[in-house]
Amino acid sequence: MTPIKVFFLEPTDRERRWLRRFSFSNSRQCPNKNSGCDAMFEIGEADILYTPDGYIDATGRLMPPKSDPRWPKACAACGRAFDDGDEWQLFSRQIYVRPSDGFRCTLEDAPPGACWNAWWIADRRSDEQVGCAWMVGPDGRSLVVKCPDGHDWMIDARARNCTMPNDDHHHCWIRHGRPEDGTLHVDKVGKTCAAGAGSIQTGKWHGFLHNGFLHE
Ligand SMILES: [Zn+2]
Ligand SMILES: [Zn+2]
Ligand SMILES: [Zn+2]
């Protein structure tokens, strides 16, 4: 595998929106997937509405009427037609940007190597709540990196094979440097446990984040 450069994504004040029809699996299970029926139609971008504490405010969005022809008619997985009792949702995802070239994406469709700060995780932690138990790193951030198989690696979280499950303040992965300048590096040099060698095993992919690159 060619090493993949890790780059930082910053949030924008814009979101991508979809008209979404779906059913909860307990009301109607989709025969073709492990959940309810679901279909989305992308309708473009809009400004994000925020609550006074800076969170995204989903309640203020105006949903188009049910007569809008852009609402999906049938489940994307099994083709079953929706009826009026299925769910109607104006679905949205925040748009992020790579400052160096203006590349934009959502966190769900971000390419491998994308890194972002899941700021909402650290937002309500105290200064003492730093460590894998709170998924907060030494700089007060909670950094996530998209792996080549699409897995979101939460670097500051506890590893599944952590050997110090009763210690909240260490980090199973020690990060150094910064994603913003291409120096992010993850290893076991620091206050850590005996799990692994600083690599990430996602189930489908195993590799390292060394000197700003993901590699096997
Ligand atoms: Zn279905
Ligand atoms: Zn650990
Ligand atoms: Zn390496």
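Note that the coordinates shown come from a computational prediction; the quantities given were computed from them, not determined experimentally.

1. A few points about the coordination of the zinc ion (ligand 1)
Thinking step 1. Distances from the zinc ion (ligand 1) to its protein donors, Cys-30 (SG), Cys-37 (SG), Cys-75 (SG) and Cys-78 (SG), fall at 2.3 to 2.4 Å.
Thinking step 2. Of note is the zinc ion (ligand 1), whose four donor atoms meet at the metal with angles of 102 to 115° in an arrangement that counts as tetrahedral.
Thinking step 3. Coordination of the zinc ion (ligand 1) draws on donor residues from a single chain, spaced C-x6-C-x37-C-x2-C in sequence. Of this pair, Cys-37 sits in the loop between strand E3 (10-22) and strand E4 (38-47) while Cys-78 sits in the loop between E4 and strand E5 (87-98), and the two are 41 residues apart along the sequence.
Thinking step 4. Classification of Cys-37 by relative accessible area gives buried; the value is 1%.

2. Some remarks on the sheet that holds strand E6 (residues 103-105)
Thinking step 1. Spatially, four strands are ordered E4-E3-E5-E6 in an open sheet, and the strand pairing comes out antiparallel. Both edges of this open sheet fall to E4 and E6, since each of them pairs with a single strand only. Neighbour-to-neighbour, the strand axes of this sheet turn through a mean angle of 30°, independent of strand direction.

3. Topic: the packing of aromatic side chains
Thinking step 1. Under the criterion given, the structure shown has six aromatic pairs.
Thinking step 2. On the basis of an interplanar angle of 70° and a centroid distance of 5.8 Å, the ring pair of Trp-18 and Phe-91 is categorised as edge-to-face. Taken as a pair, Trp-18 in strand E3 and Phe-91 in strand E5 lie far apart in primary sequence, 73 residues in all.
Thinking step 3. By relative accessible area, which is 10% here, Trp-18 ends up buried.
Thinking step 4. Judged by centre distance (5.5 Å) and plane angle (75°), the rings of Trp-153 and Trp-173 are edge-to-face. You can see Trp-153 sitting in strand E9 (residues 152-154) and its partner Trp-173 sitting in the loop between E9 and strand E10 (174-176), a full 20 residues away along the chain. Grouping residues by exposure puts Trp-153 and Trp-173 together as buried.
Thinking step 5. Aromatic ring contacts, followed pair by pair, group Tyr-55, Trp-119 and Trp-120 into a single cluster.

4. So, the coordination of the zinc ion (ligand 3)
Thinking step 1. The zinc ion (ligand 3) binds to the protein through His-210 (ND1) and His-215 (NE2); the donor distances cover 1.9 to 2.1 Å.
Thinking step 2. Its relative accessible area of 24% is what places His-210 among the partly exposed residues.

5. Things to note about the environment of Ala-58
Thinking step 1. Tracing the sequence through the fold places Ala-58 in the loop between E4 and E5.
Thinking step 2. Accessibility expressed as a relative area gives 48% for Ala-58, which makes it partly exposed.
Thinking step 3. Between the C-alpha atom of Ala-58 and that of Gly-203, which follows or precedes it by 145 residues, the distance is 33 Å.

6. What about the pairing of E5?
Thinking step 1. Pairing between E3 and E5: 10 bridges, direction antiparallel. The residue bridging Arg-16 from the neighbouring strand is Arg-93, located in E5.
Thinking step 2. Sheet topology places E5 next to E6; three bridges connect them, and they run antiparallel. Opposite Val-97, over in E6, you have Arg-104 as the bridge partner.
Thinking step 3. Turn length for the E5-E6 hairpin, with the two strands adjacent in sequence and antiparallel, is four residues, and the turn residue Gly-102 shows positive phi of about 80°.

7. Some points on unusual backbone geometry
Thinking step 1. Although it is not a glycine, Met-135 adopts a positive phi angle of roughly 60°.
Thinking step 2. Topologically, Met-135 is positioned in the loop between helix H1 (119-122) and strand E8 (143-146).
Thinking step 3. By relative accessible area, Met-135 is classed as partly exposed at 27%.
Thinking step 4. The backbone phi angle of Asn-211 is positive, close to 50°, even though this residue is not glycine.

Rules behind the numbers
Residues numbered from 1 in each chain as written. Chains lettered and ligands numbered in written order. Predicted model: local features only at pLDDT ≥ 70, side-chain atom pairs only at ≥ 80, totals over all residues. Heavy atoms only, no water. Donors = N, O, S within 2.8 Å, 3.2 Å for Na, K, Ca; no water. Tetrahedral: all angles 85-135°; square planar, octahedral: opposite > 155°, others 65-115°. Helix = DSSP H or I, 4+ residues; strand = E, 2+ residues; numbered from the N terminus. Buried < 20%, exposed > 50% of the residue type's maximum accessible area, 1.4 Å probe, protein only. Pairing = 2+ DSSP bridges. Axes fitted to C-alpha atoms, helices over the stretch in contact; angles between N-to-C directions. Phe/Tyr/Trp six-rings, centres within 6.5 Å; stacked < 30°, edge-to-face > 60°.

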